[in-house]
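# Per-entry structural report
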Amino acid sequence: MNTHPTAASVAAHRAATDDTAYAARVSDAVKVYGAGETEVRALDAVSVGFPAGRFTAIMGPSGSGKSTLMHCAAGLSTLTSGSAFIADTELGALDDHRLTLLRRQRVGFVFQAFNLLPTLTVAENISLPLDLAGQRPDPDWLATLVEVVGLGGRLRHRPSELSGGQQQRVAVARALAGRPDVVFADEPTGNLDSRSGDEVLGLLGRAVRTMGRTVVMVTHDPVAAAHADEVVMLADGRLVDRLAEPTAERVLDRLGAYDRETDARGSAAS
Ligand code: ADP
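Residues numbered from 1 in each chain as written. Predicted model: local features only at pLDDT ≥ 70, side-chain atom pairs only at ≥ 80, totals over all residues. Heavy atoms only, no water.

Our focus in this paragraph is the sheet that holds strand β4 (residues 81-86). Spatially, β2-β1-β4-β5 is the arrangement adopted by the four strands of the open sheet, whose pairing is antiparallel. Where the open sheet ends on each side, the last strands, each with one partner, are β2 (40-51) and β5 (89-90). Relative to β5, β4 runs antiparallel, the two being bridged by two bridges. The residue of β5 that forms the bridge with I86 is T89. Against the sheet, helix α2 (residues 66-73) makes contact with β1 (22-33), β2 and β4, and its axis sits at roughly 60° relative to β2, the strand it touches most. (Pairing = 2+ DSSP bridges. Helix = DSSP H or I, 4+ residues; strand = E, 2+ residues; numbered from the N terminus. Contact = heavy atoms within 4.5 Å. Axes fitted to C-alpha atoms, helices over the stretch in contact; angles between N-to-C directions.)

Put into structure tokens, the structure is as follows:
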């Protein structure tokens, strides 16, 4: 059930017809897990674009399909039907090797658990994606990144010598090192206290607003989502809303409405 059909259909129409450049997008995306009685339709015909040079947050109740959407949009998992694009490249048209190359060269990732390599220094962790992709680092860009993340004095340290917030800032610099088309961040503040979380969110915001990058972030935290330019809201595997210039209060409000709907449907069905 969708209490905001107008907002969602207007947004879908806009996505289909305007000339916005999208760093990533999915069209009629369907993802089904399992089969028969255990079948779960995690994405149910979702069409959404993530505009280049913007910070978009994906929100929705637990189980609404946020992670699935991110994974399919980022080429970490494949759609059951529909299509996913990074810029103009359709992911479904790529074989495994090309998809791996695309992820390495054109997509950056930030995970909740930082995922830094413990045996490498901060500097080595930051340039790892470039090394893996066989690309030559641009020293000016790397220097800018190091300055922006504020870890200039820590480049020779190992991740275990840094706080969680510092490790996540290294992970953000690593994600940006190859100047990817888009950075996907999966609950990037989930393991951080609110002050470190704020620093990481500020950093993602600066990457977009002063460095021209594109960030798509999955979060369940309205305060985190308020750092984005726009929030796209999922419920039951469908795109149900988009909020421009979100505030934590407005996000919380909408989220509460969908949570109550999901709960009401759950109790009606049981
Ligand atoms: P969210 O990130 O919003 O919590 P998910 O994308 O993780 O939602 O999950 C959406 C739905 O798909 C949920 O019902 C979840 O249980 C189901 N799901 C996710 N991953 C799998 C999987 N690998 N196998 C089966 N079901 C899955």
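That was the structure; now back to the text.
Before going further, it helps to spend a moment on the environment of L102. Note that L102 resides in helix α3 (residues 96-106). Spatially, the C-alpha atoms of L102 and E245 are 31 Å apart, while their sequence positions differ by 143 residues. Excluding residues that lie within four positions of it along the chain, L102 makes contacts with I86, T89, L91, L94 and V107.

To continue, consider the sheet that holds strand β3 (residues 55-59). Spatial strand order, β6-β7-β8-β3-β9-β10: six strands in an open sheet with mixed pairing. Edge strands, defined here as strands with exactly one partner in the open sheet, are β6 (107-110) and β10 (238-244). For this sheet the average axis-to-axis angle between neighbouring strands, irrespective of direction, equals 20°. Alignment of β3 against strand β9 (residues 230-235), held across four bridges, turns out to be parallel. Directly across from A57, in β9, lies its bridge partner V231. Across the sheet, α2 touches β3, β7 (182-186), β8 (215-218) and β9, and the angle it forms with β7 is around 150°. Sheet strands touched by α3: β6 and β7. Its angle to β6, the strand with the most contacts, is close to 70°.

Before going further, it helps to spend a moment on the packing of aromatic side chains. If you walk through the whole model with that rule in mind, you get two aromatic pairs. Here F109 and F111 contribute two aromatic rings whose centre-to-centre distance is 5.8 Å and whose plane-to-plane angle is 10°, an arrangement assigned as stacked. In this structure F109 comes out as buried when scored by relative accessible area, which is 15%. Within the aromatic cluster, the residues linked to one another by ring pairs are F109, F111 and F184. Here the basic side chain of R25 rests over the ring of F85, its NZ or CZ set 4.0 Å away from the ring centre. (Phe/Tyr/Trp six-rings, centres within 6.5 Å; stacked < 30°, edge-to-face > 60°. Buried < 20%, exposed > 50% of the residue type's maximum accessible area, 1.4 Å probe, protein only. Lys NZ or Arg CZ within 6 Å of the ring centre and 35° of its normal.)

Glancing now at the nonpolar core. In this structure, I126, M217, V231 and M233 are the most contacted members of the largest nonpolar core, which totals 46 residues. Beyond its immediate chain neighbours, meaning those up to four positions away, M233 contacts M59, G60, R238, L239, V240, D241, L243, V251, R254, L255 and Y258. (Core = buried A, V, L, I, M, F, W, Y, C linked by side-chain atoms within 4.5 Å.)

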